[in-house]
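Spelled out, the chains give:
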Amino acid sequence: MSRPGFVLEVDDRTPPLVVHEGEGFRMERFPLGTRVVYPPESLPGIRDVRGAVRNALEHPEGSEPLRELLFAGMRLTIAFDDVSLTLPPMRKPDLRQIIIEEVLRLAAAAGVDDVQIIAANALHRRMTEDEIRDIVGERVFRSFYPTGDLYNHDAEDADNLLHVGVTEHGEDVEINRRAAESDLLVYANINLVAMDGGHKSVPIGLASYKSLKHHHNSHTMVHSRSFMDHTRSAMHHSAWRMGRVLREHLKIFTVETTVNNDVFDGPLGFFNKREWEWSVRDQAAMLAARRGLAVAPSGLTHNIYASWRAPYGLTGVHAGETEAVHTKTVAAVHKQQLVEVQGQSDVLVLGVPYVCPYNVNSIVNPILAACMGLGYYFKSYVGAPVVRRGGAVILYHPVPWEFNQLHHPSYVDFFEEVLTVSTDPAVVEAKFETQYATDPWYIHQYRTSHAYHGVHPFYMWYWIAHALDHVDDVIWVGANRKSVERMGFRAASSLRDALEMASSTVGRDPSITYLRNPPHLLADVKA
Amino acid sequence: MLALQMYQSPAKYAAGRALTAASSVLRTTMPGLRIGPMVPLRLVQLDEPRIDRPGWARVRPRLSGICGSDLGMLTGSTSLYFSSLVSLPAVPGHEIVGDLLDDCEDLPAGTRVVMDSVLACEARGVDLCANCAAGRTNLCDRITVGHLPPALQTGFCTGTGGGWGQVMSVHRSQLHAVPDELDDERAVLVEPLACAVRLAERAQVPDGGTVLVSGAGAVGLFAVLALRELTRAGRIMVVAKHSRQRELAKAFGATDLINPDETMRAVRRATGAHRVSGLTLRAGPGAISTQVYQEPDMLLGGVDVAVDCVGSAASLDLAMRCTRAGGRVVLSGMPGPGVDLSPAWFRELELAGTYASSGEAFPTALRLAAAAPLDGLVSGRYPLQRWREALDHAHSVGSLGGVKVCFDARPARGRRYP
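Cut-off values and rules
Residues numbered from 1 in each chain as written. Chains lettered and ligands numbered in written order. Predicted model: local features only at pLDDT ≥ 70, side-chain atom pairs only at ≥ 80, totals over all residues. Heavy atoms only, no water. Helix = DSSP H or I, 4+ residues; strand = E, 2+ residues; numbered from the N terminus. Buried < 20%, exposed > 50% of the residue type's maximum accessible area, 1.4 Å probe, protein only. Contact = heavy atoms within 4.5 Å. Areas by Shrake-Rupley, 256 points an atom, 1.4 Å probe, with all protein chains shown as cover. Pairing = 2+ DSSP bridges. Salt bridge = Lys/Arg side-chain N within 4 Å of Asp/Glu carboxyl O. Axes fitted to C-alpha atoms, helices over the stretch in contact; angles between N-to-C directions. Left-handed = near helix turned anticlockwise from the far one by under 90°. Nonpolar A, V, L, I, M, F, W, Y, C, P; charged D, E, K, R; others polar.

Draft legend 1. Examining the overall build of chain B more closely. When helices and strands are tallied, chain B shows 15 helices and 19 strands. The burial tally for chain B puts 57% of its 418 residues in the buried class. Taking the intrachain contacts of chain B between residues at least 6 apart in sequence as the baseline, contacts between residues at least 24 apart amount to 70%. Entry remark: accessible area of chain B is about 16,800 Å², with carbon and sulfur atoms responsible for 52%.

Draft legend 2. Region of the structure containing the pairing of strand S3 (residues 25-28) of chain A. Residue and element names in this part refer to chain A. Relative to S3, strand S2 (residues 17-20) runs antiparallel, the two being bridged by four bridges. By the bridge assignment for S3, Val 18 is matched with Met 27. Once S2 ends, the chain turns through four residues before running back antiparallel as S3, passing Gly 22 with a positive phi of about 65°.

Draft legend 3. Representation of the pattern of salt bridges within the structure. One pass over the full model with this rule turns up 63 salt bridges over all chains. A salt bridge links A:Glu101 to A:Arg50; its shortest N-O distance comes to 2.7 Å. Here A:Glu101, found in helix H3 (residues 95-109), pairs with A:Arg50, found in helix H1 (residues 49-58); they are 51 residues apart in sequence, far enough to count as distant. You can call A:Glu101 buried: its relative accessible area is 15%. The exposure class assigned to A:Arg50 is partly exposed, which follows from its relative accessible area of 30%. Across the pair B:Arg62 and B:Asp184 runs a salt bridge, and its minimum N-O distance is 3.0 Å. Note that B:Arg62 is positioned in strand S3 (residues 56-65) and B:Asp184 in helix H7 (residues 184-187), a separation of 122 residues in sequence. You can call B:Arg62 partly exposed: its relative accessible area is 21%. By relative accessible area, which is 14% here, B:Asp184 ends up buried. Residues joined in a network through salt bridges with shared partners are A:Asp413, A:Glu416, A:Glu417, A:Asp439, B:Arg265, B:Arg268 and B:Arg269.

Draft legend 4. Just the packing of helix H14 (residues 366-377) of chain A against helix H18 (residues 456-463) of chain A, in detail. Residues and elements named next belong to chain A. Look at H14 against H18: their axes get within 8 Å of each other, and the N-to-C directions meet at 35°. Note on packing geometry: the crossing formed by H14 with H18 is left-handed. Across the interface between the two elements, Ile 367, Leu 368, Ala 370, Cys 371, Leu 374, Gly 375 and Tyr 376 from H14 touch Pro 457, Met 460, Trp 461 and Trp 463 from H18. Taken together, the residues of the contact of H14 with H18 sort by class into 10 nonpolar, one polar and no charged.

Draft legend 5. Examining unusual backbone geometry more closely. Residues and elements named next belong to chain A. Across the junction of Leu 87 and Pro 88, the peptide omega takes the value -20°, indicating a cis bond. Of note, Pro 88 is situated in the loop between strand S5 (75-81) and H3. Its identity as a non-glycine residue notwithstanding, Asn 361 has a phi of 60°, on the positive side. Here Asn 361 lies in the loop between strand S14 (345-351) and H14.

Draft legend 6. Region of the structure containing helix H4 (residues 68-75) of chain B. All names here are of chain B. Of all the eight residues making up H4, seven are buried; the element is thus mostly covered by neighbouring parts of the structure. Listing the buried residues of H4 in full gives Ser 69, Asp 70, Leu 71, Gly 72, Met 73, Leu 74 and Thr 75. At the exit of H4 stands Gly 76, carrying a positive phi of roughly 75°.

Coordinates in, geometry out; function isn't part of it.
Shown next, in the form of structure tokens:
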């Protein structure tokens, strides 16, 4: 029986607590009275995953069974979440592989010949062959990839996009032509956090820039409170409107899965446990990891983390009509991740780990570090932000001044050019977004190499717009001073220094809350 | 008279060259080595240089600038190409403002003058070569003949003396009177400004063309000024390392200021070029890890004109890689050895040298010197006795927030030093 989430108040007996900081972690002593929010313990995973998927396809929500939607001569398209999920990547077999295999089994039985499988990567980078194989499995890959029937979506391929219509708010709905013209589109999702899934899958994952810019902009992002609650997220409202337009033109059969909180096990299993409950073995593992990471060359450290595969267990799989499915999916995510937190605090402390949706097989550059901390973790709430308006956020990450030129060419330019002019999301949007979004070299890199689209760093910056709007102070502990200053933040060498620096904003005796994730948690803040 | 004399010392030259070839860390962390005992320069008492031929007169320098080419000669970083074009021992110094001590044709004694340093046919007393006849005295083909020893210009010639001495000999063809309203600190900048005027001519910038100026020392800054004032360049992008250089480049007309390690990315953004990268995607053994290796990149597209004002192999290499096909690369800094010329071949680049000045460049430079925001550019004035400090200062002038360091060789009375 897994225990629910838990809010610890630091007292004299509280040991140092794990704080993730990039490709490393530290054991931090927090001031007395600090609230530490722990995620619920892992729910038990479903043992017969394939059986659960088959059952979901056979007994869908608000839809006929998939079997009845398949017929000979039809055009069937299967889309799936790209490499940005899960975090960290999950151990094989990937849930998407199982879903795709089961859909293909039913399609074969129904005599469906025209099948294409598309990675719904939107403006994310194209996945490599190995990455696609990793997700869909060897069998599907060998059957479809060589014939060109398994591929990455291309949001800049005008010939293969279809403008389906506009929403009642005048938003363009333009998605992958093959998907839009199919008799049936099956979407295979992994819903790691509450933000994922629903109408965010097809209208965003298979969209063009023209369509995406309606909800991926600074205004919408500021008014998404938070992404983790689609009923209060302007971005999701837009995606939902688009999804309903799509629904009129296209039959979509959504398959959503949820996973438990088994992010770490084995030598890193101590990360998943509460510090005062560590066994001698856990403590030894912690010490070994800490010492080992401290002396290991950075390349080795990176490889250790990058090669980690999470032992996620399936907690639920639902299929059928998108909104009906998503309601159940969100409930399952909440069951695993929701923790009730009473009231906001003056200071929010976050450890930014090595993972980020956009640095898989790559490095966390400063913009991604900011996005992970001030975008995803800051917004890990429903109800109200964990920190009060006008409060301070203290983050842990080294924020090295380094970029992967292969994956993030426009990020480097964004950092060097845009952020030297302004860090205000609305200003950078007005002044630079079009230039970056239409830059032919970025488009070329996106379409032919493995680069994120030129506009992507803007989206990351908009992602943090809500946090920038909400708090008055952002301080990074242990960060490269130049990197964080370029982003308009400040650097501190320790938590004490950071609190001292924040005292001008929140006073000398602030209330502090530390969100102890990963594993994933969602703070249900009762303001 | 008191003068600084550069003399022949193969041992010191070899040592300086060896240090130049050594790591940049050694060069930058131990500048004293370059400016100290390895420098073939000495403070000596000499007879005043006198050339008893028509058109020659003596000049007493007020201020004499320390040029990058002077430092290059003294530290052994100059190409051996020039070894037959100098005569040693010589008193360096070719950026001067001084007073005529003798009447010189139409210029009476006491006239304040600046000097075009090239020792061309007229000064050498030989028939005009084709270039001099056409007014291109900087390209004179007779710089090794005539009554003077071989030397490309004053400051590298045994017979004429130079600005780093208390008196020097100058030919009327080299002299330009300085208007009263131009103070000495502006006047001493006229010679490098004239070089920049020549540079602007050689750059042949198309209307609205984009120009990259690599380097923001005196040469680079004056290049920006001349390009902005004398051409119809559109965007002028300047690679500047130090904050003062960035301020001045902006004041002189630069539109974009670039950190040295961001040059190619900035040019790519500004010109909409495609960058061809040496990136390699590699799958690691047993995992899908991606490793990235970076090799020298190049742009397909780029600026219309790149001006290299540094003169190192690396800066010229970068300039060529950032220039569009058919574009022009101007060599303003004295070039170093070991440059990969593949981009010049592959992209059909025009490589254009620009050396010294001729024709109307000096009158134009005098106008620029009067009008441009040049106040405070002379950031150090030293007596000859403090030559090591002066050279040390000149060697690091950019990082110290300055542009030009000068000698003031006049007797101590009435001088001002830092």
